[in-house]
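Residue-level structure breakdown
Given next are the chains, with one letter for each unit.
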Amino acid sequence: MQTIKNTGYGFSTRAVHAGEEPDFREGATGDVIVPIHLSTTFARKKVTVPTGGYEYTRSLNPTRKALETKLAALENAKYGLAFSSGLAAETTVLLSLLKSGDHIVAFDDLYGGTKRLFNHIFNEYGISTTFVDATDISRLEEIIERQTKLIWIESPSNPLLKICDIRSIANIAHENNLLLIVDNTFLSPYFQKPLDLGADIVVHSSTKYIGGHSDVLGGAVLLNDEDYYQQIAYRQNAVGAVLSPFDSYLTLRGIKTLSLRMEQHQKNALEIARFLEKHPEIDKVIYPGLDSHPQHELAKKQSSGFGGVLSFEMKGSREDAEHFLERLTLFALAESLGGVESLIELPAVMTHASIAKEVREKIGITDTLIRVSVGIEDVEDLIDDMRNALLPEKFSNFFA
Ligand SMILES: *Cc1c(COP(=O)(O)O)cnc(C)c1O
């Protein structure tokens, strides 16, 4: 079988075809999509020869393998692995690269679950983490210790959409013999390819944009180094953190429209950001695609787009923010992001509630900061929904 490698074909072509070339071998059926191979075990004719290399689905499964090939092709990576969730991917990477006594330098604005993993799980095994504002490169160098093994960042961050300079941080990591790991969930490989900017390993929650339909949990690891790939693959099989065949299929199906979805998410997000920027009830809008974003130029330099997540601060109290959210009809009041439907949430009370109030306020997650994952609906409908919900209470009652 020929394979669609990551050279020669454009991103959308790879998203559709990579890993799913029709099989024309004798006895094959030429399916244009990879079948869902539900079989947990694979029979062999000769004791010593596993058929096609397949033995048991935890170790290797054809549907998952197709997804891993596609994911690697999209991220310009040599190797890809698909996990049962983003956190399963992260856990397996950490188990593969670290041992007791090692130290992690991490961006202080990481996904909450990643922080919990560092602070409450790996910490128990003698692996410590120092969090730092990685948007300030000089601070990074200061906290690297002799035991530091890796730098872990996310860009743009959540929910403040801060941008880290991936290339400069990769240079610092390599000058200090460290690995740089980038969580690329927020932009997806369509808009940002950290490996091309010097990162060593990319992780994803494919639950978000890659899957894209809020119907399948998953995670991914992409990298170019064969040794690290072998180490991570070995531990993935050993701990069993694999994506199921059916979920691999759903993710493959989602990826085929990744380019189309990301373009629409971004177009809608930019229009909503501009609408909110002019609205009298809004104090501040944070979206890397706006000229007003302090790192707009860096975002333009290292990414080909700005994604579909934006945050904004409302005037008034937390109650005003809650009333606004509860008055919306199209935006679902829910955690998560990256699906075709628009989601909205109040980080202080929902996704980031576990962070102490003083810490939250210090980093900028105020009680009226609202995060939006803009979907692919008609943007006029989304803006109308927001406009109506932003009306002062007395008017919205009047119109009701
Ligand atoms: C959701 C998310 C994760 C965790 O992924 P799961 O699939 O929920 O385990 C990690 N990083 C980021 C940036 C996320 O948004």
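Residues numbered from 1 in each chain as written. Predicted model: local features only at pLDDT ≥ 70, side-chain atom pairs only at ≥ 80, totals over all residues. Heavy atoms only, no water.

Let us look at the nonpolar core. Grouped together as the largest cluster of nonpolar side chains are 47 residues, with contacts concentrated most on I104, I151, W152, I153, L180 and V221. Beyond its immediate sequence surroundings of up to four residues, V221 is in contact with Y79, G80, L81, F83, A89, V93, I201, V202, V203 and I232. (Core = buried A, V, L, I, M, F, W, Y, C linked by side-chain atoms within 4.5 Å. Buried < 20%, exposed > 50% of the residue type's maximum accessible area, 1.4 Å probe, protein only. Contact = heavy atoms within 4.5 Å.)

A separate point is the site of the ligand. Close to the ligand lie 13 residues, the nearest being G86, D183, S205, T207 and K208. Take G86: an N or O atom from its main chain is 2.9 Å from an oxygen atom of the ligand. Here a nitrogen atom of the ligand sits 2.7 Å away from a polar atom, N or O, in the side chain of D183. Contact with the protein chains covers 94% of the free accessible surface of the ligand, which is 380 Å². Tallying contributions element by element places helix α3 (residues 86-97) first for the shell around the ligand, with 3 residues. Of the residues belonging to the shell around the ligand, the class tally is 3 nonpolar, 6 polar and 4 charged. (Near = heavy atom within 4 Å. Polar contact = N/O pair within 3.5 Å; in protein donor to acceptor, adjacent residues only side chain to side chain. Areas by Shrake-Rupley, 256 points an atom, 1.4 Å probe, with all protein chains shown as cover. Helix = DSSP H or I, 4+ residues; strand = E, 2+ residues; numbered from the N terminus. Nonpolar A, V, L, I, M, F, W, Y, C, P; charged D, E, K, R; others polar.)

In this section: the environment of A199. Relative to the helices and strands, A199 resides in the loop between α7 (188-191) and β6 (201-205). Here A199 falls in the buried class, since its relative accessible area comes to 7%. Placed 126 residues apart in sequence, A199 and A73 show a C-alpha to C-alpha distance of 16 Å.

Once that is clear, we can look at the domain arrangement of the protein. The domain boundaries assigned to the protein delineate domain 1 (4-255) and domain 2 (258-389). A C-alpha centroid distance of 26 Å is found between domain 1 and domain 2. Listed per partner, the contact involves 33 residues of domain 1 and 38 residues of domain 2. When domain 1 packs against domain 2, close to 2900 Å² is buried across both sides, 58% of that on carbon and sulfur atoms. One can count 0 salt bridges joining domain 1 with domain 2. Across the domain 1-domain 2 interface, the total number found is 18 residue pairs in polar contact (both at pLDDT 80 or more). Only α1 (11-17), α6 (166-175), α7 and α9 (245-255) provide two or more residues apiece to the side of domain 1 that touches domain 2. (Domains from an automatic or database assignment. Buried area = accessible area lost by both parts, 1.4 Å probe. Salt bridge = Lys/Arg side-chain N within 4 Å of Asp/Glu carboxyl O.)

Right, let's get into the sheet that holds strand β8 (residues 282-286). Pairing is mixed in the open sheet, where 5 strands are placed in the order β8-β9-β12-β11-β10. Whereas interior strands pair on both sides, the edge strands pair on one side only; in this sheet they are β8 and β10 (332-333). Pairing of β8 with strand β9 (residues 309-314), which is carried by 4 bridges, proceeds in the antiparallel orientation. Its bridge partner being in β9, V285 is matched across the sheet by F312. Contacting β8 and β9, helix α10 (residues 258-278) runs over the sheet at an angle of about 10 degrees to β9. Contacts from helix α12 (residues 318-327) reach β9, β10, β11 (343-345) and β12 (369-373) within the one sheet, and its direction differs from that of β9 by about 130 degrees. (Pairing = 2+ DSSP bridges. Axes fitted to C-alpha atoms, helices over the stretch in contact; angles between N-to-C directions.)

To continue, consider the sheet that holds strand β1 (residues 79-83). One open sheet holds the 7 strands; their spatial order is β1-β7-β6-β5-β4-β2-β3, and the pairing between them is mixed. Among the strands making up the open sheet, the edge pair consists of β1 and β3 (128-132). Along the sheet, successive strands turn relative to each other by an average axial angle of 20 degrees, direction set aside. Bridging between strand β4 (residues 148-154) and strand β5 (residues 179-183) involves 5 bridges; their strand directions are parallel.

Tracing the sequence through the fold places S85 in the loop between β1 and α3. Residue classification places S85 among the buried residues on the basis of a relative accessible area of 17%. Within polar-contact distance, the side chain of S85 engages the backbone nitrogen of A88 at 3.0 Å.

Attention shifts here to helix α2 (residues 62-74). A rise of 1.5 Å per residue sets the reference length of α2, with its 13 residues, at 18 Å; its end C-alpha atoms lie 19 Å apart and thus fit the reference within 8%. Most of α2 sits out of view: 11 of its 13 residues are buried. Where α2 is concerned, the buried positions are P62, T63, R64, A66, L67, E68, K70, L71, A72, A73 and L74. The opening residue of α2, the one whose side-chain oxygen lies 2.8 Å from the backbone nitrogen of T63, is N61. Directly after α2, the chain includes N76, whose backbone phi takes a positive value near 55 degrees. (Expected span 1.5 Å × (residues − 1).)

Residues separated by three or four positions in an α-helix point in the same direction, a consequence of the helix having 3.6 residues per turn. Within the sequence span of α12, burial applies to A321, F324 and L325. For α12, the arc enclosing every buried residue in end-on projection is 95 degrees, short of the 170-degree limit, so these residues lie on one face. Check the buried side of α12 and you find it contacts β9, β10, β11, β12 and α14 (379-390). (Arc of directions from axis to C-beta.)

A few words now on the pattern of salt bridges. If you walk through the whole model with that rule in mind, you get 15 salt bridges. The partner of E68 in a salt bridge is R64, and the shortest N-O contact between them spans 3.7 Å. With E68 and R64 both in helix α2 and 4 residues apart, the pair spans about one turn of that helix. R64 shares its class with E68; the two are buried. In this structure, the salt-bridge partner of D102 is K99, at a minimum N-O distance of 3.8 Å. In this structure D102 comes out as buried when scored by relative accessible area, which is 4%. Several salt bridges share partner residues, and in doing so they unite K357, R360, E361 and D367 into one network.

Our focus in this paragraph is a negative patch on the surface. A grouping of E271, D378, E380 and D381 is seen on the molecular surface, where their side chains present a negatively charged patch. Secondary-structure assignment places D381 in helix α14. Of the residues examined, D381 reaches a relative accessible area of 38% and is grouped as partly exposed. (Patch = residues over 30% accessible without salt bridge, like charges linked within 9 Å, V, L, I, M, F, W, Y side chains within 5 Å. Lys, Arg positive; Asp, Glu negative; His and termini not counted. Charge placed at Lys NZ, Arg CZ, Asp CG, Glu CD.)

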